[in-house]
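Coordinate analysis (summary)
The chain contents come next:
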Amino acid sequence: MLHLHRREKCLFKSPKLILIGLFSAIGLAIANTIWALYMEGFGLTHSEIGFISSLFVIIALFFSLYSTPIMQKFKETKIYVLSLIIAIISYLMMSFFNTLLMFLIFATILTISSVFRANTFDLIFRDNTKDKDLNKREGLLYAFRNLGWLIGPLIASYLLIYLKVSNLFLVSGIFFFITLIFFLIFKIKNIEKERKKIDINIFKNLRSFIKKKNLRINYLVTMGISLWWGFVYIYVPLFMLDNGLTGKDIGIFLALIIIPLAIFEYPIGKLSGKIGTKTFLVFGFIGLTIASLILFVLNNIYIQLLIIIIASIFAACIEPTQETFFFNRIKKNDEEKLYPIFTTSWHSGSFIGKILVAGVLLFLANNYAYLAIGLLMGILAILAMRIKE
């Protein structure tokens, strides 16, 4: 049994956490820019890279489901700090040991730590944000994260001219070290909540989540945007390499797809609090469906990349609304119990996108990957229409 007292005073340090989120995003973006490129260097096929990436997602899915009792038993701030330290060490090792086996070992460790890092940070941010400011702060957080995802690929693109691909993992580790330093300097406190016991029964937690219809649909919608980004960051760089483009070109492209997000997500986050999230979710998925079908019929890689960049506008309609929708529909005391289940939607979507496309590419040309993604986006657009505000 764990007894906690309700907080009497909250310092609301979400602006400082937004800055922390920026540096973390830069480090993560650098690693994601070279992830597929690094694995391709081992002579793996596109399908093999997709299947391996899918295995990492399964690991993340498992640990996300069972993270609830850990986050309830230990302070979220301590878990976050430990996950940052593990990430720093893992990136350091990945930069020095350039074998597929060592990469798989440290990538697995990194995947597990990333589950706890992401889950605890989002809960810490939510607890340090006033309820009336949640929509606006979430939009601002996504805006700064997007800035990080813009800066990260540009840094990677520049450094790939002078450094080996593996060296960029060390650069990622440096940015996570900066994240750790700022988190400790800002002295972010853990916000205690009233709780009678630790929720160790994962199946009971799942039932509690599934009983809420809106959360079920919210789960599927969030899964959709993760599916899209999982596809873009793993397979599109590989398609670019197939067409004679370089690692530098990949970095520039991955930076450009973030610009629409950086421009639109913050105002959309604010507007969603006034007119609701459903309109943006439906519009976003319909847009991604149309974009995917256009990509399927095109063969020019440069036009395809331009379409994907434009499609980020539709992604911007989805990203800043999904978590706000979730937090607005649960009690604070249920956050640690239900949020880890909700975050499995990211892993589920990423897994489906990677494994589906890997299977498609075993038998069909690259363009059919866009058709498969487009069909899934269309299904999710229909599901988004069923959300009740």
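For the structure, check the block above.
Report follows, based on the coordinates. (Residues numbered from 1 in each chain as written. Predicted model: local features only at pLDDT ≥ 70, side-chain atom pairs only at ≥ 80, totals over all residues. Heavy atoms only, no water.)

**Focus: the packing of helix α2 (residues 46–65) against helix α5 (residues 100–127)**
Contact geometry for α2 and α5: axes closest at 9 Å, N-to-C directions at 40°. One element, α2, and the other, α5, form an angle in the oblique class. Note that α2 runs across α5; the crossing there is right-handed. Between α2 and α5, the contacting residues are I52, F56, I59, A60, F63 and S64 on the first element and F103, L104, A107, T108, T111, I112, V115, F116 and N119 on the second. A class-by-class count of the residues in the contact of α2 with α5 yields 11 nonpolar, four polar and no charged. (Axes fitted to C-alpha atoms, helices over the stretch in contact; angles between N-to-C directions. Helix = DSSP H or I, 4+ residues; strand = E, 2+ residues; numbered from the N terminus. Parallel < 35°, antiparallel > 145°, perpendicular 65-115°, else oblique. Left-handed = near helix turned anticlockwise from the far one by under 90°. Contact = heavy atoms within 4.5 Å. Nonpolar A, V, L, I, M, F, W, Y, C, P; charged D, E, K, R; others polar.)

**Examining the packing of aromatic side chains**
Enumeration over the complete set of coordinates arrives at 27 aromatic pairs. The structure contains a cluster of three or more aromatic residues connected by ring pairs, namely W35, Y38, F42, F56, Y91, F103, F169 and F176. (Phe/Tyr/Trp six-rings, centres within 6.5 Å; stacked < 30°, edge-to-face > 60°.)

**Some thoughts on the nonpolar core**
If you look at the biggest cluster of nonpolar residues, it comprises 102 residues, and the most contacted ones within it are W35, F231, F253 and I257. The element contributing the most residues to this core is helix α1 (residues 14–40), with 16 residues. Leaving out residues up to four positions away in the same chain, W35 has contacts with S53, F56, M94, F103, A107, L110, F169 and I234. Grouped together as the second largest cluster of nonpolar side chains are seven residues, M71, L123, Y339 and W346 included. (Core = buried A, V, L, I, M, F, W, Y, C linked by side-chain atoms within 4.5 Å. Buried < 20%, exposed > 50% of the residue type's maximum accessible area, 1.4 Å probe, protein only.)

**A look at a positive patch on the surface**
Residues K75, K78, K187 and K189 make up a contiguous surface patch of positive charge. Topologically, K189 is positioned in the loop between α7 (167–186) and α8 (202–210). (Patch = residues over 30% accessible without salt bridge, like charges linked within 9 Å, V, L, I, M, F, W, Y side chains within 5 Å. Areas by Shrake-Rupley, 256 points an atom, 1.4 Å probe, with all protein chains shown as cover. Salt bridge = Lys/Arg side-chain N within 4 Å of Asp/Glu carboxyl O. Lys, Arg positive; Asp, Glu negative; His and termini not counted. Charge placed at Lys NZ, Arg CZ, Asp CG, Glu CD.)

**Things to note about empty space enclosed by the protein**
With a probe scaled to a water molecule rolled over the atoms, the places where space remains empty come into view. Counting across every chain of the model gives one cavity of 30 Å³ or more. Taken together, 45 residues line the largest cavity, and the ones lying closest to its centre are L28, N32, R117, W149 and W346. Mapped by element, the contributors of at least two residues to the lining of the largest cavity are α1, α2, α4 (76–96), α5, α6 (134–159), α9 (213–242), α13 (301–327) and α14 (335–363). Among the elements that make up the lining of the largest cavity, the one with the highest residue count is α5 (10 residues). Split into classes, the residues belonging to the lining of the largest cavity amount to 25 nonpolar, 14 polar and six charged. (1 Å grid on protein atoms, 1.4 Å probe; cavity = no way out; pocket = protein on both sides within 12 Å on 5 of 7 lines; lining within 4 Å. Points joined across faces, edges and corners; volume = space filled by probe spheres on them.)

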